[in-house]
Amino acid sequence: ANAVRLYHAFGLEVDDDHGAFLDHAAHTGLNVLPGYHTEKANYPHDCPMYDCFDTWKNATAFGLERGFQRGSDWHPAVAMLILLNEPDFFEYAPKCQPPGAWCHVKAVVSALDGVLAAEREAN
(Lines give C-alpha, C1' and ligand atoms only; values in the text may rest on other atoms or scores of the structure.)
Protein backbone atom coordinates (compact mmCIF):
# COMPACT_ATOMS: atom_id res chain seq x y z
CA ALA A 1 0.00 0.00 0.00
CA ASN A 2 1.17 3.51 -0.73
CA ALA A 3 -1.79 5.50 0.63
CA VAL A 4 -4.34 5.54 3.43
CA ARG A 5 -7.69 7.30 3.31
CA LEU A 6 -9.06 8.87 6.50
CA TYR A 7 -12.81 9.40 6.39
CA HIS A 8 -13.30 11.75 9.35
CA ALA A 9 -9.97 13.52 9.84
CA PHE A 10 -11.70 16.90 9.69
CA GLY A 11 -15.03 17.94 11.12
CA LEU A 12 -15.39 15.90 14.28
CA GLU A 13 -13.11 18.31 16.17
CA VAL A 14 -11.21 15.55 17.90
CA ASP A 15 -8.66 17.39 20.00
CA ASP A 16 -5.74 15.11 19.16
CA ASP A 17 -2.59 16.12 17.36
CA HIS A 18 -2.13 14.19 14.13
CA GLY A 19 1.47 15.28 13.65
CA ALA A 20 3.15 12.09 14.91
CA PHE A 21 0.97 9.92 12.66
CA LEU A 22 1.67 12.16 9.66
CA ASP A 23 5.40 12.26 10.45
CA HIS A 24 5.50 8.45 10.55
CA ALA A 25 3.51 8.22 7.31
CA ALA A 26 5.91 10.62 5.59
CA HIS A 27 8.91 8.71 6.93
CA THR A 28 7.59 5.43 5.49
CA GLY A 29 6.49 6.99 2.19
CA LEU A 30 2.78 6.56 2.89
CA ASN A 31 0.48 9.17 1.33
CA VAL A 32 -2.37 10.32 3.54
CA LEU A 33 -5.75 11.28 2.05
CA PRO A 34 -7.64 12.95 4.90
CA GLY A 35 -11.36 13.45 4.51
CA TYR A 36 -14.05 15.58 6.07
CA HIS A 37 -16.98 14.37 8.14
CA THR A 38 -19.41 14.66 5.22
CA GLU A 39 -22.55 14.15 7.30
CA LYS A 40 -22.08 17.64 8.72
CA ALA A 41 -23.54 18.88 5.45
CA ASN A 42 -26.83 17.17 6.35
CA TYR A 43 -26.94 18.12 10.04
CA PRO A 44 -29.63 20.71 10.74
CA HIS A 45 -27.24 23.07 12.59
CA ASP A 46 -24.36 22.82 10.09
CA CYS A 47 -24.28 23.99 6.46
CA PRO A 48 -27.48 26.04 6.36
CA MET A 49 -29.17 25.44 3.00
CA TYR A 50 -26.01 23.45 2.09
CA ASP A 51 -23.75 26.47 2.48
CA CYS A 52 -20.74 24.65 3.98
CA PHE A 53 -18.27 27.54 3.86
CA ASP A 54 -18.06 28.18 7.62
CA THR A 55 -18.29 24.52 8.63
CA TRP A 56 -15.46 23.40 6.31
CA LYS A 57 -13.37 26.50 7.01
CA ASN A 58 -13.56 25.89 10.76
CA ALA A 59 -12.86 22.16 10.38
CA THR A 60 -9.82 22.89 8.19
CA ALA A 61 -8.44 25.52 10.57
CA PHE A 62 -8.92 23.14 13.50
CA GLY A 63 -7.04 20.37 11.65
CA LEU A 64 -4.22 22.64 10.53
CA GLU A 65 -3.66 23.58 14.17
CA ARG A 66 -3.45 19.88 15.10
CA GLY A 67 -0.66 18.59 12.92
CA PHE A 68 -1.91 18.87 9.37
CA GLN A 69 0.19 21.99 8.75
CA ARG A 70 3.99 22.15 8.56
CA GLY A 71 5.39 25.63 8.29
CA SER A 72 3.26 27.51 5.79
CA ASP A 73 2.07 24.41 3.92
CA TRP A 74 0.20 21.17 4.42
CA HIS A 75 2.12 18.39 6.12
CA PRO A 76 4.16 16.62 3.40
CA ALA A 77 2.36 13.31 4.02
CA VAL A 78 -0.95 14.86 2.90
CA ALA A 79 -1.30 13.95 -0.78
CA MET A 80 -4.83 15.26 -1.30
CA LEU A 81 -8.02 16.08 0.59
CA ILE A 82 -11.30 14.20 0.31
CA LEU A 83 -13.63 17.20 0.38
CA LEU A 84 -16.92 15.27 0.58
CA ASN A 85 -17.81 11.60 0.41
CA GLU A 86 -20.60 10.78 -2.06
CA PRO A 87 -22.28 14.20 -2.06
CA ASP A 88 -24.56 13.07 -4.89
CA PHE A 89 -26.65 11.33 -2.23
CA PHE A 90 -27.50 14.67 -0.62
CA GLU A 91 -30.46 15.15 -2.92
CA TYR A 92 -32.19 12.25 -1.13
CA ALA A 93 -31.63 13.74 2.32
CA PRO A 94 -34.65 15.23 4.12
CA LYS A 95 -32.77 18.53 4.42
CA CYS A 96 -32.54 18.91 0.62
CA GLN A 97 -35.79 20.70 -0.21
CA PRO A 98 -36.73 20.85 -2.96
CA PRO A 99 -34.81 17.68 -3.89
CA GLY A 100 -32.21 18.12 -6.58
CA ALA A 101 -28.59 18.44 -7.58
CA TRP A 102 -28.42 21.96 -6.17
CA CYS A 103 -27.79 20.50 -2.69
CA HIS A 104 -24.56 18.70 -3.50
CA VAL A 105 -23.32 21.33 -5.96
CA LYS A 106 -23.76 24.10 -3.39
CA ALA A 107 -22.18 21.98 -0.66
CA VAL A 108 -19.12 21.13 -2.78
CA VAL A 109 -18.47 24.66 -4.02
CA SER A 110 -18.99 26.30 -0.62
CA ALA A 111 -16.91 23.62 1.18
CA LEU A 112 -14.00 24.13 -1.21
CA ASP A 113 -14.26 27.87 -0.72
CA GLY A 114 -14.12 27.35 3.05
CA VAL A 115 -11.02 25.15 2.79
CA LEU A 116 -9.28 27.76 0.63
CA ALA A 117 -10.19 30.52 3.09
CA ALA A 118 -8.74 28.52 5.99
CA GLU A 119 -5.55 27.97 4.00
CA ARG A 120 -5.25 31.70 3.29
CA GLU A 121 -5.72 32.56 6.97
CA ALA A 122 -3.23 29.91 8.10
CA ASN A 123 -0.43 31.25 5.91
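You'll find the structure just up there.
Attention in this report is confined to the structure presented alongside it. (Residues numbered from 1 in each chain as written. Predicted model: local features only at pLDDT ≥ 70, side-chain atom pairs only at ≥ 80, totals over all residues. Heavy atoms only, no water.)

1. With respect to the state of the cysteines
Part 1: Counting across every chain of the model gives two disulfides.
Part 2: The side chain of Cys47 participates in a disulfide bridge whose partner is Cys52; the two sulfur atoms lie 2.3 Å from each other. Because the sign of the S-S torsion sets the handedness, a value of about 125° for the bond joining Cys47 and Cys52 places this disulfide among the right-handed ones.
Part 3: Looking at Cys47, the relative accessible area reads 0%, which means it is buried.
Part 4: Disulfide partner of Cys96: Cys103, at an S-S distance of 1.8 Å. Taking the torsion about the sulfur-sulfur bond, which here is approximately 90°, the covalent link between Cys96 and Cys103 counts as right-handed. (Disulfide = S-S within 2.5 Å. Buried < 20%, exposed > 50% of the residue type's maximum accessible area, 1.4 Å probe, protein only.)

2. Some words on helix α2 (residues 53-68)
The periodicity of an α-helix, 3.6 residues per turn, causes residues three or four positions apart to be oriented the same way.
Part 1: Look at α2: only 19 Å from first C-alpha to last across 16 residues, short of the 22 Å you get at 1.5 Å a residue.
Part 2: If you check which residues of α2 are buried, you get Thr55, Trp56, Lys57, Ala59, Thr60, Gly63, Leu64, Arg66, Gly67 and Phe68. (Helix = DSSP H or I, 4+ residues; strand = E, 2+ residues; numbered from the N terminus. Expected span 1.5 Å × (residues − 1).)

3. Comments concerning unusual backbone geometry
Part 1: Of the consecutive residues Gln97 and Pro98, the connecting peptide bond is found in the cis state with omega at -5°.
Part 2: Mapped onto the fold, Pro98 is located in the loop between β4 (73-74) and α3 (102-122).
Part 3: Despite not being glycine, Cys47 shows a phi value in the positive range, around 50°.
Part 4: Structurally, Cys47 can be placed in the loop between β2 (31-36) and α2.
Part 5: A positive phi angle, near 50°, is found at Glu86, a position not held by glycine.

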